[in-house]
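Examination of the molecular architecture
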Amino acid sequence: IAKKESGSSYSFFNQQMAMNSVSKLEMGNHLRQSMDRNELEIVYQPQVDCLQGKVTGVEALLRWNHTTKGYISPSEFIPIAEEMGFIVAVGEWVLRGACLQMKAWHSILEDPLTISVNLSVKQLNDERFVDKVTQILEETGLEAIYLEMEITENVAMQDEQLEALGRLRELGIAISVDDFGTHYSSLSYLKRFPVTKIKLDQSFVRGVQTDDKDRAMIKAIISVAKSFQLQIIAEGVETEEQADFLVANGCSQIQGYYFFKPMTADQVQVRLQESLQPKLSFMATIAAE
Ligand code: C2E
Ligand code: MG
Ligand code: MG
Ligand code: MG
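Residues numbered from 1 in each chain as written. Chains lettered and ligands numbered in written order. Predicted model: local features only at pLDDT ≥ 70, side-chain atom pairs only at ≥ 80, totals over all residues. Heavy atoms only, no water.

A few words now on the packing of aromatic side chains. The description of an aromatic ring pair uses the distance of the two centres, along with the angle that the planes make with each other. Using the criterion set out here, one finds 3 aromatic pairs in the structure. Aromatic side chains Tyr44 and Trp105 sit 5.1 Å apart centroid to centroid with 75° between the ring planes, which places their arrangement in the edge-to-face category. Taken together, the positions of Tyr44 in strand β1 (residues 40–49) and Trp105 in helix α4 (residues 87–106) put the pair 61 residues apart, joining distant regions of the chain. The same class applies to Tyr44 and to Trp105, which are both buried. Lying across the ring of Tyr257, Lys261 places its NZ or CZ 5.0 Å from the centre. Seen from the ring of Tyr258, Lys279 lies directly overhead, with NZ or CZ sitting 5.5 Å from the centre. (Phe/Tyr/Trp six-rings, centres within 6.5 Å; stacked < 30°, edge-to-face > 60°. Helix = DSSP H or I, 4+ residues; strand = E, 2+ residues; numbered from the N terminus. Buried < 20%, exposed > 50% of the residue type's maximum accessible area, 1.4 Å probe, protein only. Lys NZ or Arg CZ within 6 Å of the ring centre and 35° of its normal.)

Encoded structure:
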């Protein structure tokens with residue numbers, strides 16, 4: 001396409017592409033070694049149930065501290081791991097670490113929390129995936145009912161992948177649709193998918209105070225969750241106004257900087273002692289309405 005427009009833009013375009021693929025390859029090769037080098041780390045972001053007034057779960061989020069480049073965002077390196085085929089190894093590493101950590105928390109917490117782990121659709125292509133998950137649960141001793149897997153909507157989900165999700169459900173693992181509402185396939189998904197929860201995408205939450213359409217989207221998605229008898233959690237909640245709007249409209253599970261940013265396992269242990277009451281004071285107004 002670029003060639004038709006002008007010769008120079010064509011060659012520029014090519015240079016860009018070549019550069020991108022070299023650094024991608026380089027990054028990919030580093031990533032491949034990152035697990036052995038202890039450069040990968042899991043951080044955890046607590047999820048709050050505002051009606052219960054407490055933390056009920058945490059999401060595991062991957063971090064990569066690159067030796068020379070510093071911190072690299074998972075949005076940048078997960079696609080590379082997917083493309084270069086080692087997302088299966090990375091995903092397994094995260095799952096094992098997260099389950100192990102949650103099992104350790106269970107031995108010290110009164111109320112057991114759930115652990116949510118992000119899954120790449122590519123992991124479902126691996127025939128041995130469900131067996132691997134079963135093995136990791138046995139190895140770590142975490143009960144399946146405390147594990148949730150988050151999967152981003154994907155139009156091109158194959159029957160085999162859906163079947164794998166079904167088998168995970170049969171094990172007792174919860175399945176949530178991440179970034180819900182950002183892909184056009186949302187509704188047909190819920191029909192085909194063995195889903196238990198919807199994660200309301202942060203792009204809608206961001207517009208709570210400024211955008212009528214975002215507010216309408218949120219209300220519509222909450223009503224979809226109700227109709228399908230699914231749980232719903234909002235992500236990316238940063239302000240009291242956003243939390244207030246969500247809870248008032250029937251979404252009482254909240255994840256976001258307003259309550260907690262992602263943090264190391266040690267930090268979680270400390271921060272879980274904190275009282276949520278000051279941040280939940282908006283609930284009094286809702287109750288009074
Ligand atoms: P996600 O699963 O939708 O995770 C939510 C992202 O929003 C996280 O970004 C989290 O740090 C960020 N976040 C949470 N609360 C707030 C908030 O109040 N405001 C804002 N602005 N952001 C908030 P993060 O950690 O950079 O992860 C980005 C994405 O990378 C994740 O999106 C997920 O799709 C992917 N990812 C992370 N860890 C893994 C993993 O272990 N495996 C796979 N396959 N993907 C992962
Ligand atoms: Mg997620
Ligand atoms: Mg998300
Ligand atoms: Mg995402």
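Here the narrative resumes, following the displayed structure.
Let's shift gears to the coordination of the magnesium ion (ligand 3). Looking at the magnesium ion (ligand 3), one finds its protein donor set to be Asp178 (OD), Asp179 (OD), Glu235 (OE) and Glu235 (OE), positioned 2.0 to 2.5 Å from the metal centre. Counting gaps between the donor residues of the magnesium ion (ligand 3) yields the pattern D-D-x55-E. If you look at the magnesium ion (ligand 3) and the magnesium ion (ligand 2), they sit 4.4 Å from each other and are both ligated by Asp178. On the criterion of sequence distance, the pair formed by Asp178 in strand β6 (residues 174–180) and Glu235 in the loop between β8 (231–234) and α11 (240–248) is long-range, its members being 57 residues apart. In this structure, Asp178 and Glu235 share a single accessibility class: buried. (Donors = N, O, S within 2.8 Å, 3.2 Å for Na, K, Ca; no water.)

Attention now moves to the pattern of salt bridges. Applying the stated rule across the entire model yields 14 salt bridges. Residue Lys69 is joined to Glu26 by a salt bridge in which the shortest nitrogen-to-oxygen separation is 3.9 Å. You can see Lys69 sitting in the loop between β2 (54–66) and β3 (70–72) and its partner Glu26 sitting in helix α2 (residues 7–34), a full 43 residues away along the chain. Judged by relative accessible area, which is 46%, Lys69 ranks as partly exposed. Residues Glu59 and Lys199 are paired through a salt bridge, measuring 2.8 Å at the closest nitrogen-oxygen approach. One end of the pair, Glu59, is in strand β2; the other, Lys199, is in strand β7 (residues 197–200), and 140 residues separate them in sequence. (Salt bridge = Lys/Arg side-chain N within 4 Å of Asp/Glu carboxyl O.)

What follows deals with the side chain of Ser176. With respect to the secondary-structure elements, Ser176 resides in strand β6. Judged by its relative accessible area of 0%, Ser176 falls in the buried class. Excluding residues that lie within four positions of it along the chain, Ser176 makes contacts with Glu148, Met149, Glu150, Ile151, Thr196, Lys197 and Lys199. (Contact = heavy atoms within 4.5 Å.)

From the geometry alone we can't say anything about function, so treat these as descriptive.
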